[in-house]
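Descriptive structure summary
Chain by chain, the residues:
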Amino acid sequence: MIAQTDGANFSTPSGTRIVNPQGPSYLTGGGIMSWIFTLDHKRIGVMYLVGVLTAFLLGGVLALLVRTELLTPEVDFFTNFVQQTGEEPNIAAAKDAYNVAFTLHGAVMVFLFIIPSIPAALGNFVLPMMLGAKDVAFPRLNLASFHLWVVGALFFMTALLTTGLDTGWTFYTPYSTTTNGPVIAATLGVFILGFSSIFTGINFVVTVNTMRPKGMTWFRMPLMLWALYATAIIQVLATPVLAITVLLLTVEKALGVGIFDPALGGDPVLYQHFFWFYSHPAVYIMILPAMGVISEVIPVYARKHIFGYTFIAYSSIAIALLGFLVWGHHMFTSGQSNLATVIFSFLTFSVSIPSAIKVFNWLATLYKGNIHYNASMTYALAFMFLFTIGGLTGLYLGSLATVVHLHDTYFVVSHFHYVMMGGTLVAFLSALHHWWPKMFGKMYNELWANIAALLVFVGFNVTFFPQFILGTQGMPRRYASYKPEFEGLHALSTFGSYLLGAGLTLAALVLVHSLFRGRKAPDNPWGAATLEWKCCSPPTHHNFEVDPLMGSPYVYDNFVEDPNGDGYYEVLPDYKRSGVGAPDEQPAQT
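Residues numbered from 1 in each chain as written. Predicted model: local features only at pLDDT ≥ 70, side-chain atom pairs only at ≥ 80, totals over all residues. Heavy atoms only, no water.

For the protein, an unreviewed UniProt entry supplies the name Cytochrome c oxidase subunit 1 and the organism Posidoniimonas polymericola. Per UniProt, the protein has the following entry under Subcellular location (unreviewed entry): "Membrane". Word for word, the UniProt comment on the protein under Sequence similarities (unreviewed entry) is "Belongs to the heme-copper respiratory oxidase family." (UniProt positions renumbered as here; feature names shortened; annotations may be inferred.)

1. Let's talk about the overall build of the protein
Each helix and strand in the protein was counted, giving 16 helices and six strands. Computed over the C-alpha atoms, the radius of gyration of the protein is 25 Å, within 12% of the 25 Å expected from 2.2 N^0.38 for a compact globule of 590 residues. C-alpha extents for the protein along the principal axes are approximately 80 × 50 × 45 Å. With 590 residues in all, the protein has 58% of them scored as buried. As presented, the protein carries roughly 22,800 Å² of accessible surface, and 68% of it is formed by carbon and sulfur atoms. Computed over 26 positive and 30 negative side-chain charges, the separation of the two mean positions in the protein equals 9 Å. (Helix = DSSP H or I, 4+ residues; strand = E, 2+ residues; numbered from the N terminus. Rg over C-alpha atoms; globule rule 2.2 N^0.38 Å. Buried < 20%, exposed > 50% of the residue type's maximum accessible area, 1.4 Å probe, protein only. Areas by Shrake-Rupley, 256 points an atom, 1.4 Å probe, with all protein chains shown as cover. Lys, Arg positive; Asp, Glu negative; His and termini not counted. Charge placed at Lys NZ, Arg CZ, Asp CG, Glu CD.)

2. A few points about the side chain of serine 345
Counting through the fold element by element, serine 345 comes out in helix 11 (residues 338-366). Accessibility expressed as a relative area gives 8% for serine 345, which makes it buried. A distance of 2.7 Å separates a polar atom in the side chain of serine 345 from the backbone oxygen of glycine 398. (Polar contact = N/O pair within 3.5 Å; in protein donor to acceptor, adjacent residues only side chain to side chain.)

3. Digging into the nonpolar core
One recurring pattern in soluble globular proteins is that nonpolar side chains are buried together. In this structure, Phe111 and Phe383 are the most contacted members of the largest nonpolar core, which totals 163 residues. When residues in this core are grouped by element, the largest group, 20 residues, is from helix 9 (residues 268-302). Apart from residues lying up to four places away in sequence, phenylalanine 111 is in contact with Pro116, Trp149, Phe156, Trp169, Phe171, Val190, Leu193 and Leu242. The next biggest cluster of nonpolar side chains, apart from the first, holds 15 residues, and it includes Val66, Leu70, Tyr410 and Met475. (Core = buried A, V, L, I, M, F, W, Y, C linked by side-chain atoms within 4.5 Å. Contact = heavy atoms within 4.5 Å.)

4. Details of helix 15 (residues 446-472)
The end-to-end C-alpha separation of helix 15 is 39 Å, in line with the 39 Å expected for 27 residues at 1.5 Å each. The distance from a side-chain oxygen at the start of helix 15 to the backbone nitrogen of leucine 447 is 3.0 Å, and the residue carrying that oxygen is asparagine 445. Once helix 15 ends, the next one or two residues include glycine 474, with phi positive near 100°. (Expected span 1.5 Å × (residues − 1).)

5. So, helix 12 (residues 375-398)
Between its first and last C-alpha, helix 12 extends 34 Å over 24 residues, near the 34 Å set by a 1.5 Å rise per residue. Of all the 24 residues making up helix 12, 17 are buried; the element is thus mostly covered by neighbouring parts of the structure.

Below, the structure written as structure tokens:
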């Protein structure tokens, strides 16, 4: 199969250099309609990327508005928005505006950014190429998934922005069934977005099951594929529960059928059971792909085989399964039975074990590694630090001795953001910097990208670590005003959010600048061994012009740094010239 490279391979002192055939980029050719109705998984991934980044920009601006309001104890910032010239300050209206702002921030970030960011955007791009395949199993279903996401997002955003939803992103009953806000429209948007997520999950499950190349057994798959596979299982099994829940909410609100509203004979805690049966596994929809990213990035930049491959793979499945059993810890203070509370507390502790296994194995991989501090690696190291803090603080919320005191305080806000933002967002940034040269064929400025990563890391901690202290001191979440003794920590948190915003803005500028002024990316700038790096950058429409040679995804011995500074290239060592190839290397069947 190597001979199919048109005779471009040539001998080097290290062995026979494998040259990837070049071809027309998938980014070129056709007009706007060729993008909107494309079946190419890479173009769909790029369109997802543009969509989720737009949502992230909106959610980020809303977060800065909320933090600016919390700079002082009084409700003054939003008062300026709602106050008409010559009128007395309307504090009640300002508090309503604050409620709308944090609801929009939470809903946009969760449903439009965090959930689809890595699986739909980056997963769509890299999953088929990691399998050495031309596309996913169902390209048309993939396109339908994206179109549904766009429709759902437009529906959702229109409902949120035009009428002002103030229920919080959880839509808790009975407030959501009694308020005059656009609950039905917003939940319909969530319903549509859920189908988009299910379609993506089905596609990924079938693709991994049926399109693995010859020789890529389950335990020779890249760990990113294990993570995406486990995520897809959750998407397929859990998302329908959310769809049913919001449908029941709509039925109750529209027809007055008593399901969740106690005034109609319903039970609001039932809504919480339904909602969290989906939404806690959804936490793992958000974090499992992030763990997959870190499992790819750490060994590449440490130039070392991943430690404990099998344990990391099994831990992904364990997290996916245990994630279905812990939803009750969201209702420790909602009056569920003592027995149920104890059981859910035990199960909550148990789900931390596979997460800890991953962190231990990443640390063991770094031990004695030849670490390259590229921007992607900087984000990966930040992820390990932030996710570990988020995970450890979660133990306090799973413990019955402390959760009552910490419930609904800023401790919960900080814990959630350390896991979701310090985890998923930072891993998303790591993945974006790792695969950016492959996606767009351009290299970015490493120095400025690293500075941006450090700003994000410092800004994040200055923003959210004070909130742990605020929570332990009793500061409740979701309030626009607070007691003066909390002002110092709130002010520090707000200044941290500005620093975080500056870091993210710089990261965006660095990447956008590379599109216009960056040098051409080599096929394999980082020396990675997974199959997506064995095609040209950016890839052609069919990904691989010849079948790539499949080897271990975490063995880097055959990747030699180009002396001209043009990334890495793959070589076949001399013993393979005799035709006796290593037993673990076979051509992938595309």
